[in-house]
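Architecture and fold: a report
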Amino acid sequence: MDYEQTLNHLCGLSGPSGFEGSVARAALEMLRPLVDRASIDRMGNVVGVRLCGRENAPKLLWDAHLDEIGFLITGHQDGFLRFDELGGVDPRMLPDRELTILTDPPMLGVVACMPPHVQSKEDMDKALAITDLFIDVGLSQEEAQRRIPVGTPATFRGSCVPLGDRLLCGKSMDDRSCFAVLLGALELLKDVQLDVDLYVLGSVQEETDSTGAITATYNLVPDLCVAVDVTHGDTPDAKQEDTFHLEGGPVVGVGPNCTPWMAKRMFRLAEELGISSQTEVMAGNTGTNGWPMQISREGVATAILSLPLRYMHTPLEVCAKSDLETTAQLLAAFTRGLGEEASAQCWS
């Protein structure tokens, strides 16, 4: 798997929550050669299926979400655009930021920023709310209203590029980096006989309420699922106990959202493969699709597998190439022979 090339394509597309169409279509084409069948469901989720051919085989669901944080245009003022957030956006990073306005064709917008020369010290130390910010699109009021109606979505502008020799950075790495991991794991399993029916989900609307994962899990009725998402990467200014090392390997969740025998299997296989792994204690809501997926119908045995990511929910998120590779390796290893082990469990 060429992760840089894959992520350059996926991250270069705009797909905020509820508007993931272009990303879903690209993800579908990437997924199709690796599964028996693939399609986009009525919610907009991408769903791939690889059947093992065994009668009554357990059903395993992998999930990574395709949407990204973004914005919705809420109004016009003197040719500038008013806007609100889609998902969790820190307004402190917005002034002077380039955005892509998803008109047809897309347009460039710049979040208006008052130069420091005309700000008071109090202004410079104060973060503005999104409702107090404007997007400059270089249009008159009449033209802006005509070309960019209220309800038009927008995203950060950019794609995925190398950062040094070992890292990648860009927008929407949360969580398209993990969808790339699913593709990488599928490549590793290409000639492997499985004993589970494998379902691969590129879900929508995770950043707003996990709507895609909720509906897809209800429809697919899996026995087991692995939610693959990002977690917080280490930086000098962050608490060590709250972050995880880039190039430190995949992060396995432990807590009430994580079925214990599945987490133990992850750790055991990582050790057998010689892959460094990290442990994330998740005492409550994991903030991933695994939280609602676990309680779909009568319940789904759930594992949380995470990729360390710096600067989450910003336009320049950063991950390590080696973590992409080892996370895919661990997910593939976890899936091999899973049906036999799952059948022997009491699901606790």
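Below: a short report on this structure. Since the structure is predicted, the reported quantities are computational estimates derived from the model, not experimental observations.

Examining the pattern of salt bridges
Across all of its chains, the model carries twelve salt bridges by this definition. In this structure, Arg265 and Glu341 form a salt bridge, with 2.2 Å as the shortest nitrogen-oxygen distance. Within this pair, whereas Arg265 is found in helix 7 (residues 260–273), its partner Glu341 is found in helix 10 (residues 338–343), the two being separated by 76 residues in sequence. Just as Arg265 is buried, Glu341 falls in that class too. Here Arg268 ties to Glu341 by a salt bridge, and the two come within 3.2 Å at their closest N and O atoms. In this pair, Arg268 is assigned in helix 7 and Glu341 in helix 10, connecting sequence segments 73 residues apart. Judged by its relative accessible area of 18%, Glu341 falls in the buried class. Sharing partners across several salt bridges, the network here consists of Arg265, Arg268, Glu272 and Glu341.

Comments concerning the sheet that holds strand 16 (residues 301–309)
Pairing is mixed across the open sheet formed by eight strands, whose spatial order is 1-2-12-3-13-16-14-15. Lying at the two open borders of the sheet, with one neighbouring strand each, are strand 1 (37–40) and strand 15 (278–281). Each neighbouring strand pair of the sheet contributes to a mean axis angle of 25 degrees, computed without reference to strand direction. Bridge count between strand 14 (residues 251–254) and strand 15: four bridges; the pairing is parallel. Bridged to Val252 within strand 15 is Thr279. Those strands touched by helix 6 (residues 211–220) are strand 2 (46–50), strand 3 (59–65) and strand 12 (197–203), and its axis lies near 155 degrees from that of strand 12.

Observations regarding the sheet that holds strand 11 (residues 167–170)
Read from one edge to the other, the open sheet built from three strands follows the order 10-11-17, with strand pairing classed as antiparallel. Both edges of this open sheet fall to strand 10 (160–163) and strand 17 (317–320), since each of them pairs with a single strand only. With direction set aside, neighbouring strand axes in the sheet form an average angle of 30 degrees. Two elements, strand 11 and strand 17, share four bridges in a ladder whose sense is antiparallel. The partner of Cys169 across the bridge, within strand 17, is Val318. Taken strand by strand, helix 9 (residues 321–335) contacts strand 11 and strand 17, and its axis lies near 60 degrees from that of strand 17.

Remarks on the packing of helix 1 (residues 3–11) against helix 2 (residues 21–31)
Axis separation between helix 1 and helix 2 bottoms out at 9 Å; the angle between their running directions is 150 degrees. Here helix 1 lies roughly antiparallel to helix 2, going by the angle between them. For the pair helix 1 and helix 2, the contacting residues are Thr6, His9 and Leu10 in the first and Val23, Ala26, Ala27 and Met30 in the second.

Some details on helix 2
Considered for burial, the residues of helix 2 that qualify are Val23, Ala24, Ala26, Ala27, Leu28 and Leu31. The secondary structure elements touched by the buried residues of helix 2 are helix 1, strand 1, strand 2, helix 5 (173–188) and strand 12.

Considering the pairing of strand 12
A regular strand carries its side chains on alternate faces of the sheet. A large share of strand 12 lies buried, amounting to seven of its seven residues. In the sheet, strand 3 pairs with strand 12 via seven bridges, with the strands oriented parallel. Its bridge partner being in strand 12, Asp63 is matched across the sheet by Leu201.

Regarding the side chain of Thr217
On the secondary structure map, Thr217 appears in helix 6. At a separation of 2.6 Å, a polar atom in the side chain of Thr217 contacts the main-chain carbonyl oxygen of Ala213. Setting aside chain neighbours within four positions, we find Thr217 in contact with Leu61, Pro222, Met293, Ser296 and Val300.

Definitions and cut-offs
- Residues numbered from 1 in each chain as written.
- Predicted model: local features only at pLDDT ≥ 70, side-chain atom pairs only at ≥ 80, totals over all residues.
- Heavy atoms only, no water.
- Salt bridge = Lys/Arg side-chain N within 4 Å of Asp/Glu carboxyl O.
- Helix = DSSP H or I, 4+ residues; strand = E, 2+ residues; numbered from the N terminus.
- Buried < 20%, exposed > 50% of the residue type's maximum accessible area, 1.4 Å probe, protein only.
- Pairing = 2+ DSSP bridges.
- Axes fitted to C-alpha atoms, helices over the stretch in contact; angles between N-to-C directions.
- Contact = heavy atoms within 4.5 Å.
- Parallel < 35°, antiparallel > 145°, perpendicular 65-115°, else oblique.
- Polar contact = N/O pair within 3.5 Å; in protein donor to acceptor, adjacent residues only side chain to side chain.

Honestly, that's just the spatial picture; any functional story needs more than this.
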